[in-house]
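# Observations on chain architecture
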Amino acid sequence: MPCPAAGALERKGGIIPYRLLRNRPSVRLPACFDAGFPLKIAMSLTSSDISRIANLARLELDSEASERMLSQLNSFFDVVQQMRAINTTGIEPLEHPFATIRDMALRLREDTVSESNNREANQRSAPAVESGLFLVPKVIE
Amino acid sequence: MTRPDTDLHDLSLVALAEQLRQRKVSALETAQHFLARAKAHDALGAFVARDDAVTLAQARAADERLAKGSTGALEGVPLAHKDIFVTRDFASTAGSRMLLGYRSPFDATVVTRLAVQGAVTLGKLNCDEFAMGSANENSAVASVGHNRPEPVRNPWNLEHIPGGSSGASAVAVAARLLPASTGTDTGGSIRQPASFCGVTGIKPTYGRASRYGMIAFASSLDQAGPMARSAEDCAVLLSHMCGPDLDRDSTSLDLPPEDFTRALGDSLKGLRIGVPTEFFGAGVSDDVRAAVDAALAQYEKLGALRVPVSLPRTELSIPVYYIIAPAEASSNLSRFDGVKFGHRAAHYTDLADMYRKTRSEGFGDEVKRRIMIGTYVLSHGYYDAYYLQAQKIRRMLSDDFQRAFKDCDVIAGPVAPSVAWRIGEKSEDPLANYLADIFTLPASLAGLPGMSVPAGFDAAGLPIGLQLIGNYLQESRLLNMAHQFQLATDFHTRKPQGIRT
Amino acid sequence: MSVQIEKAATPAKSLLVRGYEVVIGFETHAQLSTQSKIFSRASTAFGAEPNTQACAVDLALPGTLPVMNKGAVERAIRLGLAVNAHIAEKSIFARKNYFYPDLPKGYQISQFEIPVVQGGDVEFLLDGEPRSVRLVRAHLEEDAGKSLHEDFIGQSGIDLNRAGTPLLEIVTEPDMRSSAEAVAYARALHGLVTWIGICDGNMQEGSYRCDANVSVRKPGAPLGTRREIKNLNSFKFMQQAIDYEVRWQIEQIEEGHVIEQATVLFDPATGETRAMRTKEDAADYRYFPDPDLPPLMIAQSWIDEVRAAMPELPQAMAKRFEAEYELSAYDAIQLTQSKAMATYFETVTKTCGRPKIAANWVLGELSAFLNKARIPIDDVLVPIPTALGALLQKVEEGELLNNAAKIVFKDLVDRKDGEIWELAAFIERMDKSIKDRDLGQMNDSSGLEAILDEVVAANAKSVEEFRQGKDKAFNALVGQIMKASRGKANPAQVNELLRKKLS
């Protein structure tokens with residue numbers, strides 16, 4: 001596979017010349033980079049992705065933090081792209097690490113009650129409690 | 001009581017336990033000694049919580065039991081727990097502002113198991129926030145004796161990181177503030193700091209130690225393990241940490257507790273050590289390569305055989321791990337919402353705002369990054385391409401190990417491509433941190449037991465660890481290998497310059 | 001992912017509303033009657049003080065993990081068997097991720113791609129016609145806590161006692177075509193889950209909650225956009241809510257508006273459905289298999305054990321009643337609406353030997369009394385079945401007229417004490433009632449003969465008319481005789497004697 005040594009850095013649908021990554025002093029690249037494996041970016045995130053994900057995760061990012069997050073995640077997903085190309089037809093996902101050598105089954109416990117009222121200790125670190133209830137801003141349905 | 005010949009803090013865990021059992025030194029004196037030592041080294045930033053009154057009370061109780069001839073294996077032995085383990089006697093923060101001051105109403109199972117053996121808790125050890133990090137630069141909680149959060153320091157060179165996320169657990173042992181400590185390993189968080197700090201650490205097979213009471217990061221990867229200055233010490237501690245917890249942890253293996261010291265003395269003659277070609281690529285520094293080569297040569301002298309093996313998908317472990325772990329973490333961390341416990345923002349307009357502000361204030365940057373990655377790869381339209389794909393490659397990686405284990409008994413290689421880097425060197429480059437995990441991630445993904453054994457130093461005197469990876473449930477063999485190596489070498493006995501002797 | 005079943009839905013008698021076909025599917029959440037929660041060992045008992053039954057696992061305290069309750073799985077198997085579904089040998093628990101104060105972990109442990117029960121159907125009668133609604137699936141999941149809004153200004157109080165209670169979510173195909181059918185289905189499923197003992201069916205306490213997915217379309221057109229009416233916990237409200245929603249959707253369409261998918265709540269006070277505040281990205285739950293829970297494996301041997309221990313199901317029992325007791329299908333189904341009633345009926349039948357009168361009384365006099373007094377059939381006030389059987393035996397043997405028995409029955413239930421009575425106490429009361437009110441049937445022929453003679457003598461005109469062929473006159477004479485005997489004569493006997501006398 002030819003090594004794209006020149007050319008401007010293109011994001012969407014383009015190829016990051018790996019030599020650019022190789023020049024970053026703090027990065028030790030995996031062996032695949034040395035073999036000339038180009039990273040074809042199938043897609044990259046946009047700020048609206050960041051906004052949507054942050055909302056799903058209930059995180060608030062100001063515009064500066066958002067931009068930083070966007071650039072960091074895109075760098076991260078550049079590395080991830082190689083994984084997407086692997087042919088995994090017919091491979092079952094690994095449910096439990098030990099499942100490689102032994103089938104894991106969910107253990108079932110007997111239906112008995114053995115937890116008694118421990119409210120005081122359990123609520124010791126609660127931000128807002130009244131009459132035993134956790135208080136939150138009003139839930140509007 | 002007569003003073004022992006060796007300073008208490010230079011004794012191995014096994015030796016100290018023996019001294020205590022023979023009543024040559026009291027638990028109280030021991031506790032006081034280590035508390036003073038810890039205080040004297042607060043600049044390292046290892047401890048995030050201590051409480052002299054609590055520790056001394058535990059020590060006194062241990063002395064009473066020792067007087068009655070108690071049979072606890074660790075009676076009076078001082079230990080400390082990584083702040084990922086919840087404890088009733090100390091706050092549990094997981095290195096996060098989200099849990100500042102959080103008091104758990106129960107102890108982690110691992111903590112209880114050690115307490116039952118009579119161990120005395122000196123306090124909690126700092127860590128990367130929610131165990132996410134490779135340098136212990138990501139803690140948001142100030143260590144004891146510090147006014148604000150600061151990176152934990154490597155006692156071999158105070159300007160260098162100790163590794164992470166169990167950085168402080170390694171520091172406490174390396175600096176001889178404790179004979180041993182507990183840590184957790186999700187992607188290398190015991191092995192890598194052990195390597196960087198010149199101590200011995202082991203991550204057992206997934207499911208050996210109960211995860212109940214371990215603040216969850218990545219459920220299918222997290223495992224508890226000991227760090228100490230010798231394989232023998234690790235073996236003793238591991239034996240008591242591990243065991244089925246069927247009533248509380250559904251992923252706990254239903255296997256009887258094992259004595260991992262039983263094979264320490266076995267000969268290594270004929271042992272086949274698999275050396276993966278992929279672990280010795282261009283990225284490994286010369287010093288690390290030299291130390292590992294020398295260690296392997298030492299093993300050959302002990303009768304072992306070197307066998308070339310291949311783990312062809314080694315580099316895929318990075319994207320696979322950094323998809324799966326953040327995905328699980330993003331879900332595990334959803335419980336931190338300011339409703340039942342932990343931080344809640346002081347100012348907010350409504351419920352949605354409360355959630356956003358609470359979580360944005362409570363979580364640090366690395367945690368947020370991983371939550372974002374995790375949320376993304378699980379989100380609608382991306383699940384198959386990322387999360388599901390990663391879990392499938394995970395199985396392939398795991399199968400690769402099984403194939404390799406047909407030709408060898410144990411796999412050996414470096415723990416990390418380099419020694420501990422300078423504080424701040426990679427803190428602005430999260431990706432660089434991820435890439436450095438390449439050798440520890442595969443065993444984590446497969447759930448295999450892995451060890452780090454001190455194997456040398458670089459030109460500047462920074463420690464280099466040798467990684468040993470065994471097949472499932474082969475902890476005894478790994479510890480045996482490490483023990484025999486430690487009988488023939490003295491890397492594990494050296495003292496770092498940055499501490500008071 | 002729904003399992004395709006070979007049989008098509010029974011062709012519904014389409015009840016068009018203003019020319020539109022109504023399409024309804026149900027999702028029912030049945031709280032399982034286990035002692036402890038699905039993933040923790042806290043109690044599931046209703047009505048405890050807030051957060052006194054929410055242990056560390058239920059509160060999602062850091063470091064806690066789920067452990068599965070065998071009783072919840074066993075109940076799922078029971079339901080699967082009762083609806084002839086496929087019970088998965090291997091099913092997976094998945095996390096459904098979303099933020100809500102009553103959801104402590106920020107995710108609900110549920111089942112997504114591979115549920116424990118797959119397929120199946122529920123059969124019932126609608127206006128006397130047999131109907132069948134196909135199930136897509138039933139899966140295990142945990143209930144959330146509760147938000148209380150009333151007592152706090154600008155705030156809500158969260159009680160997590162309910163968090164972690166095991167639920168079975170039962171999902172139908174959109175097979176229903178009217179609100180009446182939907183309610184009939186909901187009632188039938190309610191009867192089934194209580195019958196097999198997996199759910200206490202207490203709708204006021206939230207043990208049985210239905211979500212109705214409603215859409216409308218012109219016959220032959222593709223499915224319309226559906227709206228989901230959440231948390232219907234009364235059959236009356238179910239019908240009202242669906243009817244309103246259907247009318248609302250039709251009006252919207254007629255006015256040219258497009259129906260948008262939404263979740264709506266029914267307001268019993270106004271009788272209207274109202275869309276909930278839309279939650280952005282509400283649909284992206286990011287399901288993934290829960291790494292804390294290995295796959296649930298159910299061996300065939302366990303299924304066989306559960307099957308062997310299952311009670312006779314209502315349908316089978318109804319058919320048996322028809323055959324064994326020669327009851328009508330209608331009566332048989334009415335009697336098997338609850339296990340308690342069916343058992344009561346069978347005991348009465350065994351005692352008095354006459355299923356027909358037992359059925360009449362259980363469905364008639366007894367049911368009327370239960371409804372009026374608003375008590376269940378096992379209440380202490382209700383005469384135990386052997387007592388009622390003894391009463392009916394007296395009627396059967398001619399000792400008591402049916403109407404007289406009704407009076408005795410009223411005396412039997414007229415009690416102020418809240419005590420449990422044994423059979424002897426009922427018998428005593430019964431005998432006293434008969435004696436005090438002189439209700440015993442007159443079986444003494446000579447006494448009756450005397451009355452007959454008197455009446456015949458006093459009513460010569462009627463006798464003459466009868467002899468001339470007017471049957472009405474005969475009935476008039478019978479009436480006179482009954483009156484003269486103060487209702488104690490046996491009508492059949494009077495008939496017989498009178499005919500003999502007049503012939």
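Placed above this text is the structure.
The model shown is predicted, which means the values in this text are computed figures rather than measured ones.

Cut-off values and rules
- Residues numbered from 1 in each chain as written.
- Chains lettered and ligands numbered in written order.
- Predicted model: local features only at pLDDT ≥ 70, side-chain atom pairs only at ≥ 80, totals over all residues.
- Helix = DSSP H or I, 4+ residues; strand = E, 2+ residues; numbered from the N terminus.
- Rg over C-alpha atoms; globule rule 2.2 N^0.38 Å.
- Buried ≥ 20, exposed ≤ 12 C-beta atoms within 10 Å, placed from the backbone.
- Contact = placed C-beta atoms within 7 Å.
- Pairing = 2+ DSSP bridges.
- Nonpolar A, V, L, I, M, F, W, Y, C, P; charged D, E, K, R; others polar.
- Axes fitted to C-alpha atoms, helices over the stretch in contact; angles between N-to-C directions.
- Parallel < 35°, antiparallel > 145°, perpendicular 65-115°, else oblique.
- Left-handed = near helix turned anticlockwise from the far one by under 90°.
- Core = buried A, V, L, I, M, F, W, Y, C linked by C-beta atoms within 7 Å.
- Expected span 1.5 Å × (residues − 1).

### Considering the overall build of chain B
The helix and strand inventory of chain B stands at 15 helices and eleven strands. For chain B, whose C-alpha radius of gyration is 21 Å, the value lies close to the compact-globule estimate of 23 Å for 501 residues. The dimensions of chain B, computed from C-alpha atoms along their principal axes, are 65 × 55 × 45 Å. Evaluated residue by residue, chain B yields a buried proportion of 68% over its 501 residues. In chain B, the proportion of contacts linking residues at least 24 apart, taken out of those at least 6 apart, comes to 77%.

### Regarding the sheet that holds strand β17 (residues 288–289) of chain C
Residue and element names in this part refer to chain C. The three strands are arranged β6-β5-β17 in an open sheet whose pairing can be described as antiparallel. The open sheet is flanked by β6 (107–110) and β17, the only strands paired with a single partner. Two elements, strand β5 (residues 94–97) and β6, share four bridges in a ladder whose sense is antiparallel. Across the sheet, A94 pairs through a bridge with S110, a residue of β6.

### Some thoughts on unusual backbone geometry
Residues and elements named next belong to chain B. Looking along the chain, the bond that leaves G164 and enters S165 is cis, with omega of 5°. With respect to the helices and strands, the residue S165 is situated in the loop between β3 (120–125) and α5 (167–174). The backbone phi angle of R23 is positive, close to 60°, even though this residue is not glycine. At F130, a position not held by glycine, the phi torsion is positive, near 50°. Under the C-beta neighbour-count criterion, F130 is labelled buried, with 33 such atoms within 10 Å.

### Quick notes on the environment of P257 of chain B
Residues and elements named next belong to chain B. Its place among the elements puts P257 in the loop between α7 (231–241) and β7 (272–276). On a C-alpha basis, the gap between P257 and H240 in space is 7.9 Å, while along the polypeptide they are 17 residues apart. If we skip the residues at most four places from it in the chain, P257 touches S239, C242 and G243.

### Regarding the interface of chain C and chain B
With 26 residues of chain C in contact, the opposing surface of chain B contributes 35 residues. For the side of chain C that touches chain B, the residue count by class is 18 nonpolar, three polar and five charged.

### Some words on the pairing of strand β8 (residues 121–126) of chain C
Residues and elements named next belong to chain C. Examined bridge by bridge, β8 and strand β9 (residues 129–142) share six bridges and lie antiparallel to one another. Bridging across to β9, D121 finds its partner in R134. Adjacent in sequence and paired antiparallel, β8 and β9 are bridged by two residues, among which D127 carries a positive phi angle near 50°.

### Let's talk about the interface of chain B and chain A
Taken together, the contact pairs 71 residues of chain B with 50 residues of chain A. Here the side of chain B that touches chain A is composed, by residue class, of 35 nonpolar, 17 polar and 19 charged.

### A word on the packing of helix α2 (residues 27–40) of chain B against helix α3 (residues 52–67) of chain B
Residues and elements named next belong to chain B. Put simply, α2 and α3 touch, their axes get as near as 7 Å, and they point 155° apart. One way to sum up the angle between α2 and α3 is to call them roughly antiparallel. The chirality of how α2 crosses α3 is right-handed. Residues A27, L28, T30, A31 and L35 of α2 form the contact with α3, whose own contacting residues are D52, T55, L56, A59, R60, A62, D63 and L66. A breakdown of the residues in the contact of α2 with α3 according to their chemical character gives eight nonpolar, two polar and three charged.

### Some thoughts on the nonpolar core
Residues and elements named next belong to chain C. Ranked by internal contacts, the top residues of the largest apolar core, which has 267 residues, are Y185 and A212. With ten residues, helix α2 (residues 179–195) is the largest single contributor of residues to this core. Dropping the residues within four chain positions of it, A212 is found in contact with I24, F26, A182, I229, L232, M238, A241 and I242. Residues M317, L388, V395 and L400 belong to the second largest nonpolar core, which totals 35 residues.

### Here's the deal with helix α9 (residues 385–396) of chain C
Residue and element names in this part refer to chain C. Spanning twelve residues, α9 covers 16 Å between terminal C-alpha atoms, matching the ideal 16 Å at 1.5 Å per step. Considered for burial, the residues of α9 that qualify are P385, A387, L388, G389, L391, L392, K394 and V395. Those residues of α9 that are buried lie in contact with α7 (339–352), α8 (355–373), α10 (402–413) and α11 (423–436). G398 lies just past α9 and shows a positive phi near 80°.

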